[in-house]
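Chains, contacts and geometry: an overview
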Amino acid sequence: MGNITIRNLDDRVIVAWKARAKANHRSLEAELRHALTRTVSRRLRMAEFRDRTAELARATAGTPQTDSAELIREDRER
């Protein structure tokens, strides 16, 4: 695992992150690790989602699609 050092960070930023860490019952280091990991995980999930939807779009290209609103209306009418 790697280490990161951040220099010249505004004191107000540090105070805000310490408060957030305290509210979440974490150390400052654990709170920052959690935030960084969550951000990267979200981006990776979004990239994977985009790849999967593009693959689905390619696989169904040329296939007529039904408007989902129409399907919902039909279902409600039953």
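Residues numbered from 1 in each chain as written. Predicted model: local features only at pLDDT ≥ 70, side-chain atom pairs only at ≥ 80, totals over all residues. Heavy atoms only, no water.

Structural notes on the packing of helix α1 (residues 11-23) against helix α2 (residues 28-59)
Put simply, α1 and α2 touch, their axes get as near as 8 Å, and they point 90° apart. In this view, α1 runs roughly perpendicular relative to α2, as classed from their interaxial angle. Counting all contacts with α1, which are made through Ile14, Trp17, Lys18, Arg20 and Ala21, the residues of α2 involved are Leu28, Glu31, Leu32, Ala35 and Arg38. Of the residues that constitute the contact of α1 with α2, the class distribution is six nonpolar, no polar and four charged. (Axes fitted to C-alpha atoms, helices over the stretch in contact; angles between N-to-C directions. Helix = DSSP H or I, 4+ residues; strand = E, 2+ residues; numbered from the N terminus. Parallel < 35°, antiparallel > 145°, perpendicular 65-115°, else oblique. Contact = heavy atoms within 4.5 Å. Nonpolar A, V, L, I, M, F, W, Y, C, P; charged D, E, K, R; others polar.)

A look at the pattern of salt bridges
Applying the stated criterion to the full structure yields six salt bridges. The partner of glutamate 31 in a salt bridge is arginine 26, with the nearest N and O atoms 2.7 Å apart. In this structure, the salt-bridge partner of arginine 78 is aspartate 75, at a minimum N-O distance of 3.6 Å. The class of arginine 78 is exposed, set by a relative accessible area of 75%. Judged by its relative accessible area of 48%, aspartate 75 falls in the partly exposed class. (Salt bridge = Lys/Arg side-chain N within 4 Å of Asp/Glu carboxyl O. Buried < 20%, exposed > 50% of the residue type's maximum accessible area, 1.4 Å probe, protein only.)

Points about the environment of glutamate 31
Counting through the fold element by element, glutamate 31 comes out in helix α2. Taking C-alpha positions, glutamate 31 is 7.6 Å from arginine 20, a pair spaced eleven residues apart along the chain. The residues touching glutamate 31, leaving out its near neighbours within four places in the chain, are Trp17, Arg20, Ala21, Asn24 and Arg26.

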